[in-house]
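# Structural overview for review
These are the residues of each chain, in order.
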Amino acid sequence: MEWRTVALTVLVVSLCFLAIPIRVEPDTSNEEIKLFQNYVTRYNKSYRNNLTEYEERFKRFKSSLQHIEKLNGLRSSQASAYYGITEYSDMTEDEFLEQTLVPDLSVRGEKHANAPYHRWHRSQQLTNRVKRSDSIPMKFDWRDKGVVTAVRSQGSCGACWAFSTIEVAESMLAIKNGTLRSLSIQEMIDCARNSNFGCEGGDICSLLSWLLLSKVQIVEEFTYPLLGKTGTCKLEKKVNQTTGARIRDFTCDSFVDAEDELLTMVATHGPVAAAVNALSWQNYLGGVIQYHCDGSFNSLNHAVQIVGYDRTADIPHYIIKNSWGTKFGNEGYMYIAIGSNLCGIANQVSSLDIL
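Residues numbered from 1 in each chain as written. Predicted model: local features only at pLDDT ≥ 70, side-chain atom pairs only at ≥ 80, totals over all residues. Heavy atoms only, no water.

### Describing the pattern of salt bridges
As enumerated under the stated definition, the model contains twelve salt bridges in all. Among the salt bridges present, the one from Lys45 reaches Asp90, with a minimum N-O distance of 3.4 Å. In this pair, Lys45 is assigned in the loop between helix H2 (29–42) and helix H3 (51–72) and Asp90 in the loop between strand E1 (82–83) and helix H4 (93–100), connecting sequence segments 45 residues apart. The exposure class assigned to Lys45 is buried, which follows from its relative accessible area of 12%. (Salt bridge = Lys/Arg side-chain N within 4 Å of Asp/Glu carboxyl O. Helix = DSSP H or I, 4+ residues; strand = E, 2+ residues; numbered from the N terminus. Buried < 20%, exposed > 50% of the residue type's maximum accessible area, 1.4 Å probe, protein only.)

### Structural notes on the packing of helix H7 (residues 160–177) against helix H9 (residues 204–214)
Where H7 meets H9, the closest approach of the two axes is 9 Å, and the angle between their N-to-C directions is 60 degrees. Comparing the axis directions of H7 and H9 gives the class oblique. Viewed along their axes, H7 and H9 form a crossing whose handedness is right-handed. The segment H7 lies against H9, with Trp161, Ala162, Ser164 and Thr165 engaging Ile204, Leu207 and Leu208. Split into classes, the residues belonging to the contact of H7 with H9 amount to five nonpolar, two polar and no charged. (Axes fitted to C-alpha atoms, helices over the stretch in contact; angles between N-to-C directions. Parallel < 35°, antiparallel > 145°, perpendicular 65-115°, else oblique. Left-handed = near helix turned anticlockwise from the far one by under 90°. Contact = heavy atoms within 4.5 Å. Nonpolar A, V, L, I, M, F, W, Y, C, P; charged D, E, K, R; others polar.)

### Things to note about unusual backbone geometry
Even without a glycine there, the phi angle at Lys215 is positive, about 60 degrees. Within the fold, Lys215 resides in the loop between H9 and strand E4 (247–254). We note that Asp257 has phi near 65 degrees; this positive angle belongs to a residue other than glycine. In this structure, Asp257 sits in the loop between E4 and helix H10 (259–268). The exposure class of Asp257 is exposed, given its relative accessible area of 53%.

### Some words on the state of the cysteines
Under the definition given, this model contains four disulfides. The side chain of Cys205 participates in a disulfide bridge whose partner is Cys252; the two sulfur atoms lie 2.0 Å from each other. When the S-S torsion is -130 degrees, as for the bridge of Cys205 with Cys252, the disulfide is left-handed. One end of the pair, Cys205, is in helix H9; the other, Cys252, is in strand E4, and 47 residues separate them in sequence. A single burial state applies to Cys205 and to Cys252, both of which are buried. Note on cysteine connectivity: Cys293 is disulfide-linked to Cys343, with sulfurs 2.0 Å apart. Taking the torsion about the sulfur-sulfur bond, which here is approximately 115 degrees, the covalent link between Cys293 and Cys343 counts as right-handed. (Disulfide = S-S within 2.5 Å.)

### Description of the environment of Ser296
One can find Ser296 in the loop between strand E7 (288–289) and strand E8 (302–310). As for Ser296 and Ser106, which are separated by 190 residues in sequence, their C-alpha atoms are 9.4 Å apart.

### Some points on the packing of aromatic side chains
Counting across every chain of the model gives 17 aromatic pairs. Here Phe36 and Tyr39 contribute two aromatic rings whose centre-to-centre distance is 6.1 Å and whose plane-to-plane angle is 20 degrees, an arrangement assigned as stacked. Residue Phe36 and its partner Tyr39 are located together in helix H2, separated by three residues, close to a single helical turn. Exposure remark for Tyr39: the relative accessible area of 2% places this residue in the buried category. Geometrically, the ring pair formed by Tyr88 and Phe328 is edge-to-face, given 6.0 Å between the ring centres and 65 degrees between the ring planes. Here the residue Tyr88 occupies a position in the loop between E1 and H4, and Phe328 occupies one in the loop between strand E9 (317–321) and strand E10 (333–337), the gap between them amounting to 240 residues. When its relative accessible area of 7% is taken as the criterion, Tyr88 is described as buried. What makes Phe328 buried here is its relative accessible area of 4%. One aromatic cluster is present, formed by Phe36, Tyr39, Tyr43, Tyr47, Tyr54, Phe58 and Phe61 through successive ring pairs. (Phe/Tyr/Trp six-rings, centres within 6.5 Å; stacked < 30°, edge-to-face > 60°.)

The values reported here are purely geometric and, on their own, carry no functional implication.
Right under this line is the structure:
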């Protein structure tokens, strides 16, 4: 036997006895496959029997897993937002934007900047703002008052603008008369004009302007039930005057650099509707969003309802009611840190009053 062969044999045997650790990366392919199989079943995905699409969705799912790991690695505390698998985890970011959000919302919002109902709060004196902020509770949640309706799901209908606006109207009606009623979102989807296009998109300020100028009554939901798709307007000329609601007045405000004023409005007036950037919410599970959520006006693509806030928490935050169903986030709710215009929460905020 040649000396090289002897040396190699001795080396191999030595490694076996010495048990020198050799790092081997784990094979996660089987785990990811099982995870995706469970995911497809859980969310009853339509492509489960389409091999081509199934494989493509699996690739996107694996990309989401990598992104989720990255986001969770940025958490600074147990209260920070955490991420995981959601209904949208098999989408690319572009798909999520196009199919779930309203990509042109910022363009729609620009036309309201100089309208008479739009107010800018950033120029107010800091001392006055601090005094007003100190006069409100450290923690306030309109759900505790029984004036917030259940979380709904908009599905594949891009009518977040109608959901958020009507849900604020529901709350304001309950604050006024003590009775919480579900109002018709479908009526807005089918009938609202003024550059609103049903499930194809719209915006809060345009809807409120239309409701005020047309004096249309928002009927109760049982009269005009939610279908989740754009239909023919069934608005009657004569409706029961004892039910539903009409808009008496509204505002579209910018609270950039003046979020204390926004907190004051929520605490002293009622829930508000807000345009936001929800692109980073694709895999959100819970906790307070405090990073990686662009707040620029040009990034606005979704609308939600702000129903309260908590300044006593480890991370002071807004309480956000979303319209993606109770399986998303914290039973349909989300939390966004106060003070940095995260996700564009302060760019375009609407309040309203009911007749």
